[in-house]
Amino acid sequence: MLDVRSILRILADNIKRTGLPVPGDQGLLTSWSTGLGLSEKGDTILYTGGLYQLLPYIEEFAEYLEKLEGGKAGGLLLKAAGRLGRLANLSKIVVRPSREKLEYSRQVLVSIVELLRRAGVEIAYPGGVDSYSGVLLYDMGLDTVFVEHARRVAQKLESVGAETIVTVDPHTTHVLRKVFPQYVEGFAPIVKSYIEVLAENIDKLQFKQGDAGRVVIHDPCFYARYENIIDEPRQLLRRAGYTVVEPRRSGRMTYCCGGPVESIAPRLSRRIAETRARELDEAGGGTIVTLCPICYSNLRRAYRGLGIERDIQDLSILLYRRLGP
Amino acid sequence: MSIVLEKVLEDIYRGLEDPEFSEAISRSVSNAEGKHLRVKEMYPYVEELRLQVLEAKKKALENIDYYIDQLARSLERNHGVLHIAGDRDEAQKILGDLVGSGKLVVFSKSIVAEELGLREHLESLGNRVWETDLGQLLIQLEHGRPMHTTAPAVHLTIEQAARLVREKLGVELPSSPEPEDIVSAVRRFLREIYYRADVGVSGANAVAADTGSIVLVENEGNIRLVTGYPPIHIAVTGIEKIVPTLNDAISYALVQAAYAGLFPPTYLNVISGPSNTADIEHKRVYGAHGPRELHLVLIDNGRRRALLDPGLRDHLRCIRCGRCQWECPVWHHTANRWGGPTYGGPMGVLWTAITLGKEAGAELSMLCLGCARCDEVCPMEIPLSMLIRGLKRVYSSKI
């Protein structure tokens, strides 16, 4: 059994040292933007919060934990690592994501930028400002570390003086829009998910003509229940030619992918993901569309475990594929 | 009682590896999930009742001492007796003194009685005690714990239930019994016990301060027998069940039934004192066909402390309909293996924090997904996921 407090200590320590939940540097967050010609300054900036980029690493970490959890050594090893301060060494063992996973994350972000451009949104990307939002700290109740981290992130964001911050995933959207203002005095920029921005500019998006097939939509909890972003992805998918299939438990009552407990209770997390994966599979559609990197990763892992072949794609990838010339 | 997250997880994993457990929960969830919406569609006035109860609960909790005093006076007028227990030990002592030893006692289902260990305590004093709600009886027979608030035996398949009834009650059942066979066998078994019982112990869905009435909602009919047959009726409930008026208390029970997904309830019981008659010379005599004594034991057990705690206060509005359990993805895979020794699921984590302390609730809180499905369905608008996140802060402050 895993020693949960040791996991939390590792997480908090990593974020205090590097600003990231896993060992790495700023390049890990920003390298995707190389060669895109994005401006550093503008009224509307993209802030990724790093979840897409970090997810391959977090996924590896979760898989490692699941293996540890199966053996008796798990708790002891984590405790020893925590006590000896050899967190970096432990993390080095853990974090080796595949090239394929890293490439997928890059494609998602590149697709989002291209979609925003095609929607006529002038988007800047001050790479030096992009950073991990600290959402995991907040979710785990590590408030002291979270508040320190949030203040640093907010300071960086405020330093560029943007009017609107565009986010790319539900967790970062929520934490920036609703949580930061509670913890960081005076932090009140306009925060919008790229999905909301695209939906606002839907008429400017030129998609290919014709039927793009059926997709089963998996709403992430944070968009559906915390941010009420439910109609927008459907509007965009339909406009791009897809037929949207609603699974059991969709929209406001969507079902969790199990992600939030993956580092504490990996086997429980996997079972929840499998339940969701099965019902999405039974919805009678084609590709499964996710709007969150955590959902994407968890459901993909669940299908692999269940031995079910299912195409899962991020919303941005599906929309990008349908962009007209 | 100390709760350790890692031990809770071990138990959860035992459940995940038990195919019968998972199958039974999964079958029940597919029947129960979203059922309150169908009820509300058929009976739209349930929404008005919900709002009435929400306001009544807020009002009562803000003025709890006033309403306890009013309840005491009302009950006295009705020839009932009010007892107040600060904690588990006091509650056990009160029940022990009222029941004594060598008695036959019947319980209707009461989660507060579970919280206080009353059945076991009365047994330890040399009483013969029987649960009469079918699900709760199965729990008693397997020496287990309720796995859902309103459906305690939700984790048992029909095969397991039949095995228990056959082996522990010694009754005959067909080799592949239908639910009807089990229900019928238990009915026959319990009839004689009701008739001979010295004391009936019930819970209360709601208590009206203005009339001193106890309101109980049910489908099986066992509560009518437990509270109507034996000469002494003892109702045990938490102080948070008090609402200002009988009108509120009846609405409370109806909303509880609607959100439990069992609507209309088959029976709604209002008990305002011992049975009585004035048919002879218009002189009132207590102890007619029903009980001659009514005792109401009000329990604090952490509730007053919670009233002063902004991180728990809102949860005292909980009417224990179990709706949050039916909708929670974690509960769907663990049942009440997650939530605490008595209560389970999202509401259970918070009831555990109230009754056993915040440290205990904090250990459990870490398994909450924060997905907020529970918040969406709670009839009392309790921000469950936010309150549970508050407990995560308690847990994580000790890393």
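Basis of the calculations
Residues numbered from 1 in each chain as written. Chains lettered and ligands numbered in written order. Predicted model: local features only at pLDDT ≥ 70, side-chain atom pairs only at ≥ 80, totals over all residues. Heavy atoms only, no water. Helix = DSSP H or I, 4+ residues; strand = E, 2+ residues; numbered from the N terminus. Rg over C-alpha atoms; globule rule 2.2 N^0.38 Å. Buried < 20%, exposed > 50% of the residue type's maximum accessible area, 1.4 Å probe, protein only. Areas by Shrake-Rupley, 256 points an atom, 1.4 Å probe, with all protein chains shown as cover. Lys, Arg positive; Asp, Glu negative; His and termini not counted. Charge placed at Lys NZ, Arg CZ, Asp CG, Glu CD. Expected span 1.5 Å × (residues − 1). Salt bridge = Lys/Arg side-chain N within 4 Å of Asp/Glu carboxyl O. Core = buried A, V, L, I, M, F, W, Y, C linked by side-chain atoms within 4.5 Å. Contact = heavy atoms within 4.5 Å. Buried area = accessible area lost by both parts, 1.4 Å probe. Polar contact = N/O pair within 3.5 Å; in protein donor to acceptor, adjacent residues only side chain to side chain. Nonpolar A, V, L, I, M, F, W, Y, C, P; charged D, E, K, R; others polar. Disulfide = S-S within 2.5 Å. Domains from an automatic or database assignment. Phe/Tyr/Trp six-rings, centres within 6.5 Å; stacked < 30°, edge-to-face > 60°. Axes fitted to C-alpha atoms, helices over the stretch in contact; angles between N-to-C directions. Parallel < 35°, antiparallel > 145°, perpendicular 65-115°, else oblique.

The helix and strand tally for chain A stands at 15 helices and seven strands. Taken against the 2.2 N^0.38 rule, which gives 20 Å for 325 residues, the C-alpha radius of gyration of chain A at 19 Å falls within 12% of a compact globule. Taking the principal axes of its C-alpha atoms as reference, chain A extends roughly 60 × 50 × 35 Å. Evaluated residue by residue, chain A yields a buried proportion of 62% over its 325 residues. Of the roughly 12,700 Å² that chain A leaves accessible, carbon and sulfur atoms contribute 48%. Placing the 44 positive and 39 negative side-chain charges of chain A at their respective mean positions leaves the two points 5 Å apart.

With 15 residues, helix 1 (residues 4-18) of chain A ought to run about 21 Å at 1.5 Å a step, and its terminal C-alpha atoms sit 21 Å apart, in line with that. For helix 1 of chain A, the full list of buried residues reads A:Val4, A:Ser6, A:Ile7, A:Leu8, A:Ile10, A:Leu11, A:Ala12, A:Asn14 and A:Ile15.

Here we take up the pattern of salt bridges. For side chains bearing opposite charge, pairing can occur when the charged atoms are close. For the structure shown, the criterion picks out 46 salt bridges over all chains. Measuring nitrogen to oxygen at the nearest pair gives 2.6 Å for the salt bridge that ties A:Arg234 to A:Glu246. One end of the pair, A:Arg234, is in helix 12 (residues 231-239); the other, A:Glu246, is in the loop between strand 5 (242-245) and helix 13 (266-281), and 12 residues separate them in sequence. Here B:Glu33 and A:Arg249 are joined by a salt bridge, their closest N and O atoms 2.7 Å apart. Of the two residues, B:Glu33 is situated in the loop between helix 2 (19-32) and helix 3 (35-42) and A:Arg249 in the loop between strand 5 and helix 13; the pairing between them involves two chains.

So, about the nonpolar core. With 219 residues, the main nonpolar core has A:Leu116, A:Phe146, A:Leu237 and B:Val236 as its most contacted residues. Counting 25 residues, the second-largest nonpolar core is a separate cluster that includes B:Leu137, B:Leu138, B:Leu141 and B:Ala197.

If you look at the interface, chain B gives 38 residues, while chain A gives 38 residues. Roughly 3,200 Å² is buried in total at the junction of chain B and chain A, and carbon and sulfur atoms are behind 59% of that figure. Taken as a group, B:Tyr13, B:Leu369 and B:Ile399 account for 20% of the area that chain B buries against chain A, more than any other trio of residues on that side. Taken together, the connections running from chain B to chain A amount to seven salt bridges. In this structure, the connection of chain B to chain A is made through 22 residue pairs in polar contact (both at pLDDT 80 or more). Looking at the side of chain B that touches chain A, the elements that each hand over two or more residues are helix 1 (5-16), helix 2, helix 16 (331-334), helix 19 (373-377) and helix 20 (384-396) of chain B. Among the residues forming the side of chain B that touches chain A, the class breakdown is 18 nonpolar, eight polar and 12 charged.

Our focus in this paragraph is the state of the cysteines. Applying the stated criterion to the full structure yields zero disulfides over all chains. This cysteine, A:Cys295, is not joined by any disulfide, and A:Cys292 carries the nearest cysteine sulfur, 4.0 Å off. Judged by its relative accessible area of 5%, A:Cys295 falls in the buried class. Looking at the unpaired B:Cys368, the closest cysteine sulfur is the one in B:Cys374, lying at 6.1 Å. Accessibility expressed as a relative area gives 8% for B:Cys368, which makes it buried.

Bringing the domain arrangement of chain B into the picture now. Residue and element names in this part refer to chain B. The domains assigned to chain B are domain 1 (5-32 + 310-396) and domain 2 (42-301). For domain 1 versus domain 2, the distance between C-alpha centres works out to 24 Å. With both sides pooled, the region where domain 1 packs onto domain 2 buries about 2,800 Å², and carbon together with sulfur makes up 57% of that total. By the criterion of area lost to domain 2, the three top residues of domain 1 are Ile319, Arg320 and Thr342, representing 21% of everything that side buries. The closest approach of N and O atoms between glutamate 381 and arginine 50, which form a salt bridge, is 2.9 Å. The interface formed by domain 1 and domain 2 contains 16 residue pairs in polar contact (both at pLDDT 80 or more). Counting residues per element, the ones that place at least two in the side of domain 1 that touches domain 2 are helix 2, helix 15 (323-327) and helix 17 (345-356). No other element matches the five residues that helix 2 contributes to the side of domain 1 that touches domain 2. The residue makeup of the side of domain 1 that touches domain 2, split by class, is 18 nonpolar, seven polar and seven charged.

Residues and elements named next belong to chain A. Along its sequence, chain A is carved into domain 1 (4-199) and domain 2 (207-321). Each of domain 1 and domain 2 was reduced to a C-alpha centroid, and the two centroids are 21 Å apart. At the interface, 37 residues of domain 1 touch 35 residues of domain 2. Roughly 3,400 Å² is buried in total at the junction of domain 1 and domain 2, and carbon and sulfur atoms are behind 65% of that figure. One can count three salt bridges joining domain 1 with domain 2. With its nearest N and O atoms 3.2 Å apart, the salt bridge here joins lysine 178 to glutamate 227. The tally of links from domain 1 across to domain 2 stands at eight residue pairs in polar contact (both at pLDDT 80 or more). Mapped by element, the contributors of at least two residues to the side of domain 1 that touches domain 2 are helix 1, helix 3 (51-70), helix 6 (99-118), helix 9 (170-183) and helix 10 (194-200). Across the side of domain 1 that touches domain 2, the residue classes break down as 19 nonpolar, six polar and 12 charged.

The next subject is unusual backbone geometry. All names here are of chain B. With an omega of 0 degrees, the peptide bond between phenylalanine 263 and proline 264 qualifies as cis. Structurally, proline 264 is set in the loop between helix 13 (246-260) and strand 9 (267-271). One non-glycine residue, histidine 79, adopts positive backbone phi at about 70 degrees. Position of histidine 79 relative to the elements: it lies in the loop between helix 5 (64-77) and strand 1 (81-85). For histidine 79, a relative accessible area of 45% corresponds to the partly exposed category.

Attention now goes to the environment of A:Gly161. Residues and elements named next belong to chain A. Mapped onto the elements of the fold, glycine 161 is located in the loop between helix 8 (143-159) and strand 2 (164-167). Among the residues examined, glycine 161 registers a relative accessible area of 53% and is labelled exposed. For the pair glycine 161 and aspartate 43, spaced 118 residues apart in the sequence, the C-alpha separation amounts to 7.5 Å.

Under the definition given, this model contains 15 aromatic pairs over all chains. Considering the side-chain rings of A:Tyr138 and A:Phe146, the 5.3 Å spacing of their centres and the 50 degrees angle between planes classify their relative orientation as tilted. Its relative accessible area of 6% is what places A:Tyr138 among the buried residues. Of the residues examined, A:Phe146 reaches a relative accessible area of 0% and is grouped as buried. Residues B:Tyr195 and B:Tyr229 carry aromatic rings whose centres are separated by 6.0 Å and whose planes lie at 75 degrees to one another, so their mutual orientation is edge-to-face.

With that settled, consider the packing of helix 8 of chain A against helix 9 of chain A. All names here are of chain A. The interhelical angle for the contact between helix 8 and helix 9, taken along N-to-C directions, is 105 degrees, at an axis separation of 10 Å. Between helix 8 and helix 9, the angle falls in the class roughly perpendicular. Between helix 8 and helix 9, the contacting residues are Asp143, Phe146, Val147, Ala150, Arg151, Val153, Ala154 and Leu157 on the first element and Val175, Leu176, Val179, Phe180 and Tyr183 on the second. Residues that form the contact of helix 8 with helix 9 fall into these classes: 11 nonpolar, no polar and two charged.

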